[in-house]
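# Survey of secondary and tertiary structure
The chain contents come next:
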Amino acid sequence: MLQVLGGRTVPAARLLAPGSAVLVEAVRGRKSRTDPVAKSKENRIKVPPPVDPVEMVVLRERFSEYQQIIRALRFEFKEEVLQRKYNEETGSLAEERARQESEEHRALMAFNDQENLRILKLRLQRIQKENEEAERKKLEDDIQREQEMQEFIKEKEREIMKLQEEAKNFITLENLDQRIEDALDNPKNYNFAIDKEGRVVKQTILQ
């Protein structure tokens, strides 16, 4: 198999043969800015290519014609854009747009009124419900306070009745002598001991 290398045909076996040098030509890179001028080009003088006067005249005419065409196209496009803008601002398109905006505004205002009415109904329902709830809670609080007051009065009445019952055994100036005689006739011994169940387990004898 042959390989083309540097313009020469070289067998592939020679490129891959062990022990032999690789036959690859060095590729010369680009010159850097600091490299000197080649010796073969030291005395070369750059001469611009000759210009044909007839061709130059033709090119100038064609370039002038091209500029005129481009200028006319640009002017036509600009005039079309300005005309369209004028029609949008002051012409039939502006009237149609104003009409559409007016219809859209009326539709939005009608929708806004309907939405405000719906929200107002919801607000009134919510306020009515809150008032009913407040009235119900107030009534429940009044009933609860009335019940508490009745319980308080009954409790005080029971305390008064208990005090009245206890007052029957109070010692007064009228029954003082009688109570002294009863105490002397019926002495009580409070010197005793009781167990956890409250039974008397030990008591001293009165002297």
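Note that the structure is predicted; figures quoted are calculated from it, not measured.

Take the overall build of the protein next. Across its full length, the protein holds four helices and four strands. Counting from the amino terminus, the protein carries its helices and strands in the arrangement β-β-α-α-α-α-β-β. Looking at the protein residue by residue over its 207 residues, the buried ones come to 2%. A sequence separation of at least 24 residues applies to 0% of the contacts in the protein between residues at least 6 apart. Surface exposure of the protein reaches about 20600 Å², of which carbon and sulfur atoms provide 57%.

Scanning the model with the defined rule gives 12 salt bridges in all. One salt bridge in this structure joins arginine 136 and glutamate 140, with 2.6 Å as the shortest N-O distance. Highlighted residues: arginine 136 and glutamate 140, both in helix α3 (residues 92–167), separated by four residues, approximately one helical turn. A residue is classified by how much of its surface remains accessible, and glutamate 140, at 43% relative accessible area, is partly exposed.

Bringing the confidence of the model for the protein into the picture now. Within the protein, residue pLDDT values average 82, and 83% of them lie at 70 or more. Per-residue pLDDT stays below 50 along residues 1–7; that stretch engages in 18 contacts with residues further than four places along the chain or on separate chains. Scored below 50 in pLDDT, residues 12–18 makes nine contacts in the model with residues more than four places away or belonging to other chains.

Taken together, the side chains of Asp177, Glu181, Asp182 and Asp185 define an acidic patch exposed on the protein surface. The topology assignment puts aspartate 182 in helix α4 (residues 176–185). You can call aspartate 182 partly exposed: its relative accessible area is 32%.

A grouping of Lys31, Lys41, Arg44 and Lys46 is seen on the molecular surface, where their side chains present a positively charged patch. Here lysine 46 is to be found in the loop between α1 (12–16) and α2 (53–90). Lysine 46 sits in the exposed class, given a relative accessible area of 73%.

On the surface, Ile171, Leu173, Leu176, Ile180 and Leu184 cluster together into a nonpolar patch covering about 550 Å² of accessible area. Tracing the backbone shows isoleucine 171 in the loop between α3 and α4.

Cut-offs and rules
Residues numbered from 1 in each chain as written. Predicted model: local features only at pLDDT ≥ 70, side-chain atom pairs only at ≥ 80, totals over all residues. Heavy atoms only, no water. Helix = DSSP H or I, 4+ residues; strand = E, 2+ residues; numbered from the N terminus. Buried < 20%, exposed > 50% of the residue type's maximum accessible area, 1.4 Å probe, protein only. Contact = heavy atoms within 4.5 Å. Areas by Shrake-Rupley, 256 points an atom, 1.4 Å probe, with all protein chains shown as cover. Salt bridge = Lys/Arg side-chain N within 4 Å of Asp/Glu carboxyl O. pLDDT = per-residue confidence, 0-100. Patch = residues over 30% accessible without salt bridge, like charges linked within 9 Å, V, L, I, M, F, W, Y side chains within 5 Å. Lys, Arg positive; Asp, Glu negative; His and termini not counted. Charge placed at Lys NZ, Arg CZ, Asp CG, Glu CD.

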